[in-house]
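Residue-level listing of the chains:
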Amino acid sequence: MQNKDKEIRDVIILGSGPAGLTAAIYTARANLEPLVIHGAQPGGQLTTTTLVENYPGFAEGIDGPVLMEEMEKQARRFGALFLAGEVTQVKLQKAPFEIYTGDDIYRCRALIIATGASPRLLGLPNEKELYGKGVSVCATCDGFFYRDKEVAVVGGGDTAMEEATFLTRFAKKVHVIHRRDALRASPALQERALANPKIALHWDTVVSAIRGDKQHGLTGVRLKNVANGKEEELPCDGLFVAIGHLPNTTLFTGQVEMEERGYLLTGHGTETNIRGVFAAGDVQDPHFRQAITAAASGCMAAIQTERFLEENQ
Ligand code: NAP
């Protein structure tokens, strides 16, 4: 084990989505020289979206990846440091807190957890095997491969509607498979999807099996109508799973209090059960999960961190 930092840092931020980067901007401007540790997907989930139309300040919208690049530049301008590395363990029982990335240890007086959430999968046999071979969770990343092909999208929320609409740029037909007879998505996204002639909605329907193998990739899905029990095969080339997310909190099990799904519990603002450990963004928010709400809670975490450090010098 190598103690990478001889010093004990004031603050480490885990995650570089809108919550982590906003926390970085604020703590950097407060001269706390935050160290942002990010994993395999710097910029978080917004880097897998296209146009973000509802982030205030961009009247014409802004591409998700561009928005995140700008936030990172802004944080760097004020002195935030960035480290790419997968955090393998955290020790939060006592301060200074210890963060392990493989063999290296980083220590800090305050920690902001902004590790976000990851897409959920259906849990069907073949799903993981065919991941990247027809099964996807990101239309922005993989849509391009489905020019003139037929694809299915599972889910009835905003993500599913956005993905389905985006996929019509490439695919000749997009089947939306939704388990109920009403969509969860916001009216604007619903209307846009339902009005698109390339999109076919399969109501009250679930995917009961995924067809294909590693060699040939995905060849189709089996659908089951949960209202009348009827089953049918739907040949298709792509399956986009858009059924929500799970918080990235395995690292904190047994240390930071979480609810039954694993979302971190926060009390006043972004405080967790551990003094000096704050949680911001999707990792503690099963309800709103917007870029703007994540950014706002990152700001709160930064201000609470500043106050905590001031009071505990
Ligand atoms: P979501 O709102 O949780 O929707 C998940 C969808 O998947 C629901 O329709 C749900 O069905 C379905 N589902 C869940 N588990 C399933 C399973 N095992 N099998 C089949 N279907 C399943 O997730 P989301 O669409 O990813 O959105 C997450 C949040 O991000 C929301 O707050 C959303 O507003 C926000 N968001 C906003 C935008 C935007 O404003 N542009 C874009 C994307 C996301 P039920 O409806 O039956 O529960």
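Rules behind the numbers
- Residues numbered from 1 in each chain as written.
- Predicted model: local features only at pLDDT ≥ 70, side-chain atom pairs only at ≥ 80, totals over all residues.
- Heavy atoms only, no water.
- Domains from an automatic or database assignment.
- Contact = heavy atoms within 4.5 Å.
- Buried area = accessible area lost by both parts, 1.4 Å probe.
- Salt bridge = Lys/Arg side-chain N within 4 Å of Asp/Glu carboxyl O.
- Polar contact = N/O pair within 3.5 Å; in protein donor to acceptor, adjacent residues only side chain to side chain.
- Nonpolar A, V, L, I, M, F, W, Y, C, P; charged D, E, K, R; others polar.
- Near = heavy atom within 4 Å.
- Areas by Shrake-Rupley, 256 points an atom, 1.4 Å probe, with all protein chains shown as cover.
- Helix = DSSP H or I, 4+ residues; strand = E, 2+ residues; numbered from the N terminus.
- Buried < 20%, exposed > 50% of the residue type's maximum accessible area, 1.4 Å probe, protein only.
- Patch = residues over 30% accessible without salt bridge, like charges linked within 9 Å, V, L, I, M, F, W, Y side chains within 5 Å.
- Lys, Arg positive; Asp, Glu negative; His and termini not counted.
- Charge placed at Lys NZ, Arg CZ, Asp CG, Glu CD.
- Expected span 1.5 Å × (residues − 1).
- 1 Å grid on protein atoms, 1.4 Å probe; cavity = no way out; pocket = protein on both sides within 12 Å on 5 of 7 lines; lining within 4 Å.
- Points joined across faces, edges and corners; volume = space filled by probe spheres on them.

1. As for the domain arrangement of the protein chain
Okay, so step 1: Split by domain assignment, the protein chain resolves into domain 1 (2-118 + 245-311) and domain 2 (121-241).
Okay, so step 2: Placing the centre of domain 1 and that of domain 2 at their C-alpha centroids yields a distance of 32 Å.
Okay, so step 3: Taken together, the contacts link five residues of domain 1 with six residues of domain 2.
Okay, so step 4: Counting the surface domain 1 buries against domain 2, the share from its top three residues, Thr48, Thr50 and Glu53, is 74%.
Okay, so step 5: At the boundary of domain 1 with domain 2, the tally comes to one salt bridge.
Okay, so step 6: One salt bridge connects glutamate 53 with arginine 192, and the closest N-O pair in it is separated by 3.5 Å.
Okay, so step 7: Linking domain 1 with domain 2 are zero residue pairs in polar contact (both at pLDDT 80 or more), by the criterion used here.
Okay, so step 8: Classifying every residue of the side of domain 1 that touches domain 2 by side-chain character gives no nonpolar, four polar and one charged.

2. A word on the site of the ligand
Okay, so step 1: Lining the immediate surroundings of the ligand are 21 residues, of which Asp158, Thr159, Glu162, Arg180 and Arg184 lie closest.
Okay, so step 2: Arginine 120 has a polar side-chain atom sitting 3.3 Å from a nitrogen atom of the ligand.
Okay, so step 3: Aspartate 158 places a side-chain nitrogen or oxygen 2.6 Å from an oxygen atom of the ligand.
Okay, so step 4: Coverage of the ligand by the protein chains reaches 80% of its 920 Å² of free accessible surface.
Okay, so step 5: Looking at the shell around the ligand, the element that brings in the most residues is helix H4 (residues 158-167), giving three residues.

3. Here we look at the side chain of glutamate 98
Okay, so step 1: Among the structural elements, glutamate 98 can be located in strand S8 (residues 97-101).
Okay, so step 2: Judged by relative accessible area, glutamate 98 falls into the buried class, the value being 17%.
Okay, so step 3: Separated by 3.1 Å, the side chains of glutamate 98 and arginine 107 make a polar contact.
Okay, so step 4: Excluding residues within four positions of it along the chain, glutamate 98 makes contact with Gln89, Val90, Lys91, Ile105, Tyr106 and Arg107.

4. Let's talk about the pattern of salt bridges
Okay, so step 1: On inspection of all chains with the given rule, the structure shows nine salt bridges.
Okay, so step 2: Close ionic contact of glutamate 70 with lysine 73 constitutes a salt bridge, the shortest N to O distance being 3.1 Å. Of this pair, glutamate 70 and lysine 73 both sit in helix H2 (residues 64-77), three residues apart, which is roughly one turn of that helix.
Okay, so step 3: Exposure remark for glutamate 70: the relative accessible area of 40% places this residue in the partly exposed category.
Okay, so step 4: When salt bridges that share partners are traced, they join Arg211, Arg222, Glu231 and Glu233 into one network.

5. Observations regarding a positive patch on the surface
Okay, so step 1: A contiguous patch of positive charge, built from Arg120, Arg179, Arg180, Arg184 and Arg289, is present on the exposed surface.
Okay, so step 2: With respect to the helices and strands, the residue arginine 289 is situated in the loop between strand S20 (277-279) and helix H6 (291-311).

6. Brief notes about the environment of arginine 9
Okay, so step 1: Along the chain, the position of arginine 9 falls in strand S2 (residues 9-14).
Okay, so step 2: Along the chain, arginine 9 and arginine 109 lie 100 residues apart, while their C-alpha atoms are 6.4 Å from each other.
Okay, so step 3: Every residue in contact with arginine 9, bar those within four places of it in the chain, is listed here: Glu33, Leu35, Leu81, Arg107, Cys108 and Arg109.

7. A word on helix H1 (residues 18-29)
Okay, so step 1: Its 12 residues place the ends of H1 16 Å apart at the C-alpha level, agreeing with the 16 Å of an ideal helix rising 1.5 Å per residue.
Okay, so step 2: Counting buried residues in H1 gives 10 out of 12 residues, a clear majority hidden from the surface.
Okay, so step 3: All buried positions along H1 are accounted for by Pro18, Ala19, Gly20, Leu21, Thr22, Ala23, Ala24, Ile25, Thr27 and Ala28.
Okay, so step 4: On its buried side, H1 packs onto S2, strand S3 (35-38), H2, strand S6 (81-84), strand S9 (104-113) and H6.
Okay, so step 5: Looking one or two residues beyond H1, the residue adopting positive phi is asparagine 31, at roughly 65°.

8. Thoughts on the layout of surface pockets
Okay, so step 1: Counted as a void, the second largest pocket has a volume near 250 Å³.
Okay, so step 2: What lines the second largest pocket is a set of 14 residues, and nearest its centre among them are His268, Glu271, Phe278, Gln304 and Phe308.
Okay, so step 3: For the lining of the second largest pocket, the residue count by class is five nonpolar, five polar and four charged.

9. Side note on the environment of lysine 224
Okay, so step 1: As for its placement among the helices and strands, lysine 224 is situated in strand S16 (residues 217-225).
Okay, so step 2: For lysine 224, a relative accessible area of 31% translates into the label partly exposed.
Okay, so step 3: Along the sequence, lysine 224 and histidine 202 sit 22 residues apart, while their C-alpha atoms lie 9.9 Å from each other.
Okay, so step 4: Among residues more than four places away in sequence, those in contact with lysine 224 are Asp204, Thr205, Val206, Ser208, Gly229, Lys230 and Glu231.

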